Each structure stands twice: as structure tokens, then as C-alpha cells.
Amino acid sequence: MQDRAGFAEFVRSLPKAELHVHIEGTLEPDLMLALAERNHQPLPYPDVSAARAAYRFADLQSFLDLYYRGANVLQTEQDFYDLTWAYVTRAAQENIRHIEPFFDPQTHVQRGVPFGLVIAGILHALEDAHEDFGITSKLIMCFLRDLSVEDAEHTLATAHLYQSRIAGVGLDSAEIGNPPEKFEKVFDQAGAYGLHRVAHAGEEGPASYITGALDVLNVERIDHGVRCLDDPVLVQRLVDERIPLTVCPLSNVKLRVFESLASHPLRRMMDAGLLVTVNSDDPAYFGGYLSDNYLAVAEALDLSPLDMVTLARNSFEASFADEKRKATCLAEIDAFLATR
Ligand code: HPA
Ligand code: ZN
């Protein structure tokens, strides 16, 4: 890979999957302002640059405060369609072939926006993404861990009505003080419904939350998980059981989980033999989409084109796509490499 532009083009063209992206976190300031006006919903930002200027975070909670405020502009099915369509259009441009977006229904239902409307808008855009771009998807519904267990149970019961349209459940929002054990029953029920299970764990919270998510929630994949390095026994288990971790480097720096990308443990995690993937988390808030994350870690940690290919292969392996789809996407990587 001779130069920077060539390397960037390589990463953008490489077939990839994205497994950790909150659809509400793809709400760019220009769409946010347009929807605020369309829905007569006041926002504290007079323009796009004022919104961007406000995106400086001290920690996860200071981000969540703005993220939930931004989500308030989403009111109609068309809004959720437009939001999702904007993301998948970008995804297509950087050759993302499979996506597993999160959505947070409680954020919307709490404001009186019906669950059915939210999911209809998102799913319609995902169907169009398949038709127009050949992007496959699995939608994952997250419970907000700082709300009550009863609220999560009620949300799961509603989701059950849309069973065939939701592939799995996850757990997000404020981590510290809301350990995975709190949601044992609701994750058991989700498992009984045949849903995949994932959870944010070990982002701000300790390594023991990762262990808890595995042992108590029976998750198949850990979102973030960067704190696993504090516990060598856990690392060995994650390696042995090939449990994927969906790591989000730009997010981690923006939310001050790590001081800089140079001190990010992604390379150490790869060297330890962990099944790591790179993802964007909330790209509209953290200053980069999927390829931007690949390129940023490559530069900061001196990762090679071969490392980029490993991360892309991992993304398909770690996905919930069926075996046939995984094989097709992995073959797309091989075909792409054969042209280089
Ligand atoms: N962590 C927890 N909750 C979230 C995040 C995150 O990174 N993004 C959106 N909700
Ligand atoms: Zn996340």
C-alpha cells in the first residue's frame, strides 16, 4: 500500500460488516435540525456547527444526555425511515455488506412515539437497503439499563409481537451501577423467544460486568469489552470460546475511556488472539463512520493492510448472518483481494 490515499481507498472498498452502531447515533446534525423544524421540536442548537461544537464529552453520561435530547426530534415513521436510509446510504458507499444496527425503543415509547411506528420506519429502510444495495441486516433491540427491569420486560413483551422482525436483544445506556445481573430474567425470556443476546459490557464498567454478561445473560457477543484486559483469566476464556468483541475506537476516545488512539488496546487485543471487530457506535456524535474507525486505528497503532483484512473477516465471522451469507461475504473479500 504505497500511500495514504491508496490505503484509505483500500479500506473503503474492502467488504465489511458493522455490528455495533446505534441507529439513533447516526443522526447527523443537519438531519436533526431539519427534523426539529419539520416536527416543531425545539433544539438548543441554532445551526449545524453549534451542534457539532456541543459534542465534547467528559464521559458516557455526558454523551447520553445529548444523544437522548437529539433523539427527541424523531417523531414519525418517515423520520425513522430517513434516519436509517441516511445511514445505509453511507454504508453502501464504504462497501459495508452486512449490518446489525441497534435501536432503543424505550427512548421513543417514553415520549409517546409508538413502538410499531419506530420499527416500521427502520425496517422499511433496511428492506430498501437490501433491494438497492444488497446490504443484509439483523436488527437488535437494546434495553436501556438505567431504566427499570419492569420497563425492559414490558418492552420485550411488545417486541414479541414483532418477533420475526427483530433478530436479537442488547443492553446499552449508563453502565456503571447497572450490572448485567439486573436483567437476568428479561434476557432469559429473550432466549426463550429464540432471540440472539448481546450486551454492552466493560466500556466504562469493570471486567466483572463482561463475566456477568456471559454467565448470567448468556450473551453471544460483547459490545465494547475493552476492559477485559484487566482480567487475564477472562481474556483466555474469550479467546478459547471465540466470543466476539465489538470495539469502537473513536467512541472510546471521545468518551474518554482511553486518552488517545495511541493508547487504545485494539492491537493488544488482536495480538492476544481475541475475535475483535471495529465499529462506529454513534458515528454522528463521535466524528467517524466505519472506515474512519479502521483508518484511525491503522494510523495510530501502525496496523497493516493485512490487519484491516483480518478485522473485516472477523466482522463477518462475528455476525449473526447465516452461514451461507457469511461464506458469500468472505468470498467477496477474497475476490476483492484478488484484484489488488
Ligand atoms: N454505550 C452505552 N450506551 C450507548 C452507547 C454506548 O457507547 N451509545 C449509545 N448508547
Ligand atoms: Zn454502543
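Just so we're clear, the structure is a prediction, and the values are computed from it rather than from any experiment.

Caption draft 1: Up close: the packing of helix H10 (residues 207-215) against helix H11 (residues 232-240). Direction vectors running N to C along H10 and H11 enclose 40°, while the axes themselves pass 10 Å from each other. The angle between H10 and H11 falls in the class oblique. The handedness of the crossing between H10 and H11 is left-handed. Mapping the contact onto sequence places Ala207, Ile210, Thr211, Leu214 and Asp215 in H10 and Leu234, Arg237 and Leu238 in H11.

Caption draft 2: Region of the structure containing the coordination of the zinc ion (ligand 2). Within the protein, the atoms that donate to the zinc ion (ligand 2) are His20 (NE2), His22 (NE2), His200 (NE2) and Asp281 (OD), at distances of 2.0 to 2.3 Å. Each of the four donor atoms bound to the zinc ion (ligand 2) contributes to angles spanning 81 to 174°, and the resulting shape is irregular. Each donor residue of the zinc ion (ligand 2) lies on the same chain, and together they follow the pattern H-x1-H-x177-H-x80-D. One end of the pair, His22, is in the loop between strand E1 (16-18) and helix H2 (29-38); the other, Asp281, is in the loop between strand E10 (276-278) and helix H14 (283-286), with 259 residues separating them in the sequence. Take His22: its relative accessible area is 4%, and that puts it in the buried class.

Caption draft 3: Just the sheet that holds strand E8 (residues 221-224), in detail. Ordered in space as E3-E5-E6-E7-E8-E9-E10, the seven strands form an open sheet in which the pairing is parallel. Single-partner strands in this sheet number two, and they are strand E3 (102-103) and E10. Pairing of strand E9 (residues 245-247) with E10 involves three bridges; the strand directions are parallel. Each bridged residue has a counterpart across the sheet, and for Thr246 the counterpart in E10 is Thr277.

Caption draft 4: Just the state of the cysteines, in detail. Under the criterion given, the structure shown has zero disulfides. Free of any disulfide, Cys142 has its nearest cysteine sulfur in Cys248, 12 Å distant. No disulfide involves Cys329; its nearest neighbouring cysteine sulfur is the one of Cys248, lying 20 Å away. Note on Cys329: relative accessible area 1%, which makes it buried.

Caption draft 5: Representation of the packing of aromatic side chains within the structure. According to the stated counting rule, one finds 16 aromatic pairs in the structure shown. Seen from their ring centres, Phe63 and Tyr67 are 5.0 Å apart, and the 35° between their planes marks the pair as tilted. Linking Phe63 with Tyr67, this pair stays in helix H4 (residues 60-71), spanning four residues, or about one helical turn. Neither residue differs from the other here; Phe63 and Tyr67 are each classed as buried. The structure contains a cluster of three or more aromatic residues connected by ring pairs, namely Tyr45, Tyr55, Phe57, Phe63, Tyr67, Tyr68, Tyr285 and Phe286. Taking the ring centre of Phe320 as reference, the NZ or CZ of Arg221 above it sits at 4.2 Å.

Procedures and definitions
- Residues numbered from 1 in each chain as written.
- Chains lettered and ligands numbered in written order.
- Predicted model: local features only at pLDDT ≥ 70, side-chain atom pairs only at ≥ 80, totals over all residues.
- Heavy atoms only, no water.
- Axes fitted to C-alpha atoms, helices over the stretch in contact; angles between N-to-C directions.
- Helix = DSSP H or I, 4+ residues; strand = E, 2+ residues; numbered from the N terminus.
- Parallel < 35°, antiparallel > 145°, perpendicular 65-115°, else oblique.
- Left-handed = near helix turned anticlockwise from the far one by under 90°.
- Contact = heavy atoms within 4.5 Å.
- Donors = N, O, S within 2.8 Å, 3.2 Å for Na, K, Ca; no water.
- Tetrahedral: all angles 85-135°; square planar, octahedral: opposite > 155°, others 65-115°.
- Buried < 20%, exposed > 50% of the residue type's maximum accessible area, 1.4 Å probe, protein only.
- Pairing = 2+ DSSP bridges.
- Disulfide = S-S within 2.5 Å.
- Phe/Tyr/Trp six-rings, centres within 6.5 Å; stacked < 30°, edge-to-face > 60°.
- Lys NZ or Arg CZ within 6 Å of the ring centre and 35° of its normal.

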